[in-house]
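Chain by chain, the residues run as shown.
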Amino acid sequence: MSIALVTFDLDDTLWSVAPVMHGAEAALREWLAASAPKLGPVPVEHLWLIRKRLLLLEPSLSHRLSELRRRILQLALREAGYADVQAEQLAEQGFQVFLHARHQVELFPEVHPTLEKLANRYCLGVITNGNADVRRLGLADYFHFALNAEDLGIGKPDPHPFNQALQRAGVAAHQAVHIGDHPGDDIAGALAAGLQAIWFNPQGKAWEGQQPADAEIRNLAELPAVLEQLDNKSA
């Protein structure tokens, strides 16, 4: 049976995430310095230590990145001397500053033309461990659904997000292909759930995972032809 569903990772698959996160962290620190003077110009290392403490107490927060960041900010603000209510308000405001900056992504130039071409043939979906929202990025019209670890309570490589994608699309695992950059979360996770997997590897890295992907691409423009090849194999 031919391919019916194609799912995408987001960070480092549709855009480079490092400059986005650096910009978002800088925007947050600037906002905190101006709006939470008791906290002052908080070092990133301090926030990472709070993050580590919170994850030790509640490991499930590792799949709930938005909630984790809110908790980090709340705790940092309370420890700086803000009352609980004010700390909660400031944390939410700071989080929204971060979230806005986190969505200032520069899509790879091939994203729109590739998605437009694929959307005419396949059901497209998103499976992400991050907290980027395709609706805020002007990409929602291409996708039938978007699943993230925060909403599901667990992320890739666990099979649950992939199984949820199959249920949303109403297809069997052998009719689905997942595209992503991470050998573990994306490739191993998809293969373990029975999907085919395409490794997005723009830098030409050597494969260091276990079971290799069904295909590899260096540029998203290659994706339609590779899907066609996989489709012909499965027919």
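Because the structure is predicted, anything quoted here is derived from the model rather than measured. (Residues numbered from 1 in each chain as written. Predicted model: local features only at pLDDT ≥ 70, side-chain atom pairs only at ≥ 80, totals over all residues. Heavy atoms only, no water.)

**With respect to the overall build of the chain**
Thought 1: Scanning the chain for helices and strands turns up nine helices and six strands.
Thought 2: Relative to the globule expectation of 18 Å for 235 residues, the C-alpha radius of gyration of the chain, 19 Å, shows essentially globular dimensions.
Thought 3: Taken along its principal axes, the extent of the C-alpha atoms in the chain is 65 × 35 × 35 Å.
Thought 4: Per-residue burial for the chain yields a buried fraction of 47% across its 235 residues.
Thought 5: The long-range share in the chain, meaning contacts at least 24 apart out of those at least 6 apart in sequence, stands at 60%. (Helix = DSSP H or I, 4+ residues; strand = E, 2+ residues; numbered from the N terminus. Rg over C-alpha atoms; globule rule 2.2 N^0.38 Å. Buried < 20%, exposed > 50% of the residue type's maximum accessible area, 1.4 Å probe, protein only. Contact = heavy atoms within 4.5 Å.)

**Here we look at the packing of helix α2 (residues 44-57) against helix α3 (residues 65-79)**
Thought 1: Packing of α2 against α3 brings their axes to within 9 Å, and their N-to-C directions diverge by 115 degrees. Between α2 and α3, the crossing angle belongs to the class labelled roughly perpendicular. Every pair of crossing elements has a handedness; the one defined by α2 and α3 is right-handed. Contact with α2, carried on its side by H46, L47, I50, R51, R53, L54 and L55, involves L68, R71, I72, L75, A76 and E79 of α3 and no other residues of that element.
Thought 2: In terms of residue class, the contact of α2 with α3 is made up of eight nonpolar, one polar and four charged. (Axes fitted to C-alpha atoms, helices over the stretch in contact; angles between N-to-C directions. Parallel < 35°, antiparallel > 145°, perpendicular 65-115°, else oblique. Left-handed = near helix turned anticlockwise from the far one by under 90°. Nonpolar A, V, L, I, M, F, W, Y, C, P; charged D, E, K, R; others polar.)

**Focus on the packing of aromatic side chains**
Thought 1: Scanning all chains against the criterion turns up three aromatic pairs.
Thought 2: On the numbers, 5.9 Å between centres and 50 degrees between planes, the contact of F108 with F200 is tilted. Placement of F108 in the loop between α4 (84-102) and α5 (111-119) and of F200 in strand β5 (residues 196-200) is noted, with a sequence separation of 92 residues between them.
Thought 3: For the pair W199 and W207, a centre-to-centre distance of 4.9 Å together with 75 degrees between the ring planes defines the contact as edge-to-face. (Phe/Tyr/Trp six-rings, centres within 6.5 Å; stacked < 30°, edge-to-face > 60°.)

**What about the pattern of salt bridges?**
Thought 1: Under the definition given, this model contains 14 salt bridges.
Thought 2: Across the salt bridge formed by R135 and D133, the nearest N and O atoms sit 2.8 Å from each other.
Thought 3: Its relative accessible area of 66% is what places R135 among the exposed residues.
Thought 4: What you see here is one network of salt bridges that share partners, running through E58, R64, E67 and R71. (Salt bridge = Lys/Arg side-chain N within 4 Å of Asp/Glu carboxyl O.)

**As for the nonpolar core**
Thought 1: Judged by nonpolar contacts, the single largest core of 33 residues is most densely connected at F8, L14, W15, L139, F143, I198 and L227.
Thought 2: Counting residues per element, the ones that place at least two in this core are β1 (5-8), α1 (17-35), α5, β2 (123-128), β4 (176-180), β5, β6 (215-217) and α9 (223-234).
Thought 3: Setting aside residues no more than four positions away along its own chain, I198 makes contact with V177, H178, I179, G180, I187, A213, A215, I217, L223, V226, L227 and L230.
Thought 4: Counting 26 residues, the second largest nonpolar core, distinct from the first, contains L39, L54, L55 and I72. (Core = buried A, V, L, I, M, F, W, Y, C linked by side-chain atoms within 4.5 Å.)

**Let's talk about the sheet that holds β2**
Thought 1: With parallel pairing, six strands are arranged side by side in an open sheet as β3-β2-β1-β4-β5-β6. Either end of the sheet is taken by a strand with one partner, and the two such strands are β3 (145-148) and β6. Pairs of neighbouring strands in the sheet enclose a mean axial angle of 25 degrees, with direction left out of account.
Thought 2: Strand direction decides the pairing type here: β5 and β6, joined by three bridges, are parallel. Bridge assignment links W199 to a residue of β6, and that residue is E216.
Thought 3: Against the sheet, helix α7 (residues 159-169) touches β1, β2, β3 and β4, its axis set at about 160 degrees to β3. (Pairing = 2+ DSSP bridges.)

**Comments concerning the environment of A193**
Thought 1: With respect to the element layout, A193 can be found in the loop between α8 (183-192) and β5.
Thought 2: The exposure class of A193 is buried, given its relative accessible area of 15%.
Thought 3: Between the alpha carbons of A193 and T128 there is a distance of 15 Å; along the sequence they are 65 residues apart.
Thought 4: The contacts of A193, once residues within four sequence positions are left out, are P159, F162, N163 and A173.

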